[in-house]
Amino acid sequence: MPGTRSAGLLTLGGIAIAALLAVIGHVEVNENLSPWSLTVSDFAVSDRGGVIDAAMVVLALATAVLLAGLRRTAPPGRTAGTGGRLTEVLLGSWVAGLLLAAVVPTNDPGTPMTTAAYVHRYASVVAFLTLPVAGWLLARRGDLAPAGRWLRGLVLVSVALAAAMVWSAYPGDRLLIGLIERALILTEVALIAVVAATVARPRPTDDRAGHSSSWSMSWRAASVIDPDRLG
């Protein structure tokens, strides 16, 4: 389906733009900020409304486009089923979590947590936790079977990194929390990219249908030119 392929390609484009913005946001921040010990949110709050926040919004919108494409390609009965609805809710939660985290800032590093900072934190937690579950469910879809092994592998890595981040945030005294979080973000964005790339691939069935249609049209044209072919 051309529309569905377009959704995959648009998602990949959005991911590329978000990645570029995130890199720019890390390069242009205060030199005293360390990506090893500070989270992406700590970088974003130092440039409120800047490119890192914009990157989060772009990534959320790209995922929303992918969600619409996945809904169109859902196998018969899958969208209406419990698994289909749950996948959509989980992907929608990832989108909502990213948007909320982009709009509501965290606190400046070293300052007491505010209400806004708690909203930001738990919006991020929801986003980080729901996407791996959605990825595991997507790996079970027949139309995404070629990427199933990759999706399951990325989900397992995401879960391990999420556990490491929880350890760092509490008993680990934030040891390398920035590095762990960035690895987690890269893994989860890679998961979205794999789904988008699979959706964007040309479908062999569509190609065969196109060949069949072209052959049929050619045969009709030849028959009109040479009536003997109808005998």
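Above this note sits the structure.
Along every chain, residues carry numbers that run from 1 in the direction the sequence is written. With pLDDT at 70 or above as the cut-off, local features in this predicted model cover only qualifying residues; side-chain atom pairs require 80 or more to be listed or tallied, and sums for whole chains, interfaces and linings still use all residues. Based on all heavy atoms of the structure, the side-chain values leave hydrogens and waters out of the count.

Explain the packing of aromatic side chains here, please?
For any pair of aromatic rings, geometry is given as the distance between the ring centres together with the angle between the planes. Think of it this way: a Phe, Tyr or Trp ring, Trp meaning its six-membered ring, pairs with another when their centres are within 6.5 Å, and the plane angle makes it stacked under 30 degrees, edge-to-face over 60, tilted otherwise. Under the defined criterion, the tally for this structure stands at 1 aromatic pair. Ring centres of Tyr118 and Tyr122 lie 6.4 Å apart, and the angle between their planes is 10 degrees; this geometry places the pair in the stacked category. Here the residue Tyr118 and the residue Tyr122 both occupy positions in helix α5 (residues 115-138), the gap between them amounting to 4 residues, near one helical turn. Put simply, DSSP marks the helices as runs of H or I at least four residues long and the strands as runs of E at least two long, and each gets a number from the N terminus on.

Looking at this structure, how should I read a nonpolar patch on the surface?
A surface patch of nonpolar side chains, amounting to about 530 Å² of accessible area, comprises Trp36, Trp167, Leu175, Leu176 and Leu179. Burial status follows relative accessibility: with a 1.4 Å probe on protein chains alone, a residue under 20% of its type maximum counts as buried, one over 50% as exposed, and anything between as partly exposed. Among the residues examined, Leu175 registers a relative accessible area of 48% and is labelled partly exposed. Nonpolar side chains (Val, Leu, Ile, Met, Phe, Trp, Tyr) are joined into patches within 5 Å and like charges within 9 Å, using only residues with over 30% relative accessible area and no salt bridge. Method for areas: the Shrake-Rupley scheme with a 1.4 Å probe, in which residue coverage is limited to the protein chains shown. Counted as salt bridges are all cases of a side-chain nitrogen of Lys or Arg within 4 Å of a carboxyl oxygen of Asp or Glu.

Just checking my understanding: could you explain the environment of Val157 for this structure?
Among the secondary structure elements, Val157 is positioned in helix α6 (residues 148-169). Given the relative accessible area of 39%, Val157 is considered partly exposed. Expressed as a C-alpha distance, the spacing of Val157 and Thr187, which sit 30 residues apart in the sequence, is 7.2 Å.

Please explain the packing of helix α3 (residues 51-73) against helix α7 (residues 177-200) as it appears in this structure.
A pair of packed helices can be characterised by two numbers: the angle between their axes and the separation between those axes. Lines fitted to the C-alpha atoms define the axes, with helices restricted to the stretch that makes contact. Angles between their N-to-C directions range from 0 to 180 degrees. Following both chains from N to C, one finds α3 and α7 inclined at 40 degrees, their axes separated by 11 Å at the closest point. Compared by their axis directions, α3 and α7 come out oblique. Relative to α7, the crossing made by α3 is left-handed. The residues of α7 that touch α3, namely those facing Leu59, Thr63, Leu66 and Leu70, are Val189, Ile192, Val195, Ala196 and Val199. Each residue gets one label: Ala, Val, Leu, Ile, Met, Phe, Trp, Tyr, Cys and Pro are nonpolar, Asp, Glu, Lys and Arg are charged, and the others, such as Gly, are polar. Its residues assigned to classes, the contact of α3 with α7 comprises 8 nonpolar, 1 polar and no charged. Should an angle fall under 35 degrees it is called roughly parallel, over 145 degrees roughly antiparallel, and 65 to 115 degrees roughly perpendicular, with every other angle called oblique. We call a crossing left-handed when the near helix sits turned anticlockwise from the far one by less than a right angle, and right-handed when that turn is clockwise. Any two residues having at least one pair of non-hydrogen atoms within 4.5 Å are treated as being in contact.

Would you mind showing me how to read the nonpolar core here?
Generally speaking, a soluble globular protein has its nonpolar side chains buried in company with each other. Ranked by internal contacts, the top residues of the largest apolar core, which has 32 residues, are Leu70, Trp94, Leu151 and Val195. When contributions to this core are tallied by element, the ones reaching two or more residues are α1 (2-27), α3, α4 (82-103), α5, α6 and α7. Counting residues per element, this core draws most heavily on α7, at 7 residues. For our purposes a nonpolar core is just a set of buried Ala, Val, Leu, Ile, Met, Phe, Trp, Tyr and Cys residues, chained together by side-chain atoms within 4.5 Å.

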